[in-house]
Amino acid sequence: MIPSNRWMARFSFYNLIKLMLAGLATCAVAPDRSFADAGAMPNSLATLRVMTLNMEHHDRPEELRAMADHLRTDLPKLPEFILCQEVWFSRHLTKADPEPNTAAVFAKYLGY
């Protein structure tokens, strides 16, 4: 039986969360100290910024550029993970934006 796309998305998201939490657990506190011993949270405590963006199955590069500009200028740091929903894969390619999907266009505007 071939798994459905919905199942694969859930499986992939679940594994992504497990990996992120595993990384946070290993760098949050030195092995010989507990959170209770640490008192106030140390400045070196890892922070993971995650954002979701619903692209609504639209191919509007000017809106993606505006969102990318907003994120780069108004946030102190960009999120480490941006989870894109409803990405448009059959987009009309242009010379200015030859990327095959809207997530790639957005990533380009963010500088990736």
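The written sequence of each chain sets the order in which its residues are numbered from 1. pLDDT decides what is reported in this predicted model: residues at 70 or higher carry local features, side-chain atom pairs at 80 or more are listed and counted, and totals for whole chains, interfaces and linings draw on all residues regardless. Excluded from the side-chain calculation are hydrogens and water; included are all heavy atoms of the structure.

Caption draft 1: Summary view of the overall build of the protein chain. Strands here mean DSSP runs of E at least two residues long; helices mean DSSP runs of H or I at least four residues long; both are numbered from the N terminus. Tallying secondary structure elements over the protein chain gives four helices and two strands in all. Listed N to C, the secondary structure of the protein chain is α-α-β-α-β-α in terms of helices and strands. In the protein chain, which comprises 112 residues, the proportion classed as buried is 21%. Counted over contacts in the protein chain with a minimum sequence separation of 6, partners at least 24 positions apart contribute 64%. A total accessible area of about 8,400 Å² is found for the protein chain, and carbon and sulfur atoms account for 61% of it. A simple rule labels every residue: compare its accessible area, found with a 1.4 Å probe on the protein chains alone, to the largest value its type can have, and call it buried under 20%, exposed over 50%, or partly exposed in between. Residue contacts follow a heavy-atom distance rule, with two residues in contact if any of their heavy atoms lie within 4.5 Å. Each accessible area value is a Shrake-Rupley result obtained with a 1.4 Å probe; residue values ignore everything except the protein chains displayed when judging cover.

Caption draft 2: Broad picture of the pairing of strand β2 (residues 81-85). Of the pairings in the sheet, the one linking strand β1 (residues 50-54) to β2 comprises five bridges and is parallel in character. From the neighbouring strand, Met51 faces β2, where its bridge partner is Ile82. Here is how to tell: hold the view so the strands point away, follow the path from the first strand over the helix to the second, and if it runs clockwise the crossover is right-handed. Handedness of the crossover joining β1 and β2 through helix α3 (residues 61-74): right-handed. In this analysis, strands are considered paired if DSSP registers two or more bridges between them.

Caption draft 3: Structural view of the layout of surface pockets. A cavity here means a set of points on a 1 Å grid, drawn over the protein atoms and nothing else, where a 1.4 Å probe fits but cannot get out; a pocket is an open set with protein on both sides within 12 Å along at least five of seven lines, and a residue lines either one if it has an atom within 4 Å of a point. Grid points are joined across faces, edges and corners, and a volume is the space filled by probe spheres set on the points. Its volume calculated, the second largest pocket comes out at about 160 Å³. If you trace the second largest pocket, you find it lined by Leu53, Asn54, Met55, Glu56, His58, Arg60, Glu63, Leu64 and Met67. When residues of the lining of the second largest pocket are traced back to their parent elements, those giving at least two are β1 and α3. Tallying contributions element by element places α3 first for the lining of the second largest pocket, with three residues. Here the term charged refers only to Asp, Glu, Lys and Arg, the term nonpolar to Ala, Val, Leu, Ile, Met, Phe, Trp, Tyr, Cys and Pro, and the term polar to all other amino acids, Gly among them. Here the residues of the lining of the second largest pocket sort into four nonpolar, two polar and three charged.

The values are spatial; any link to function lies outside them.
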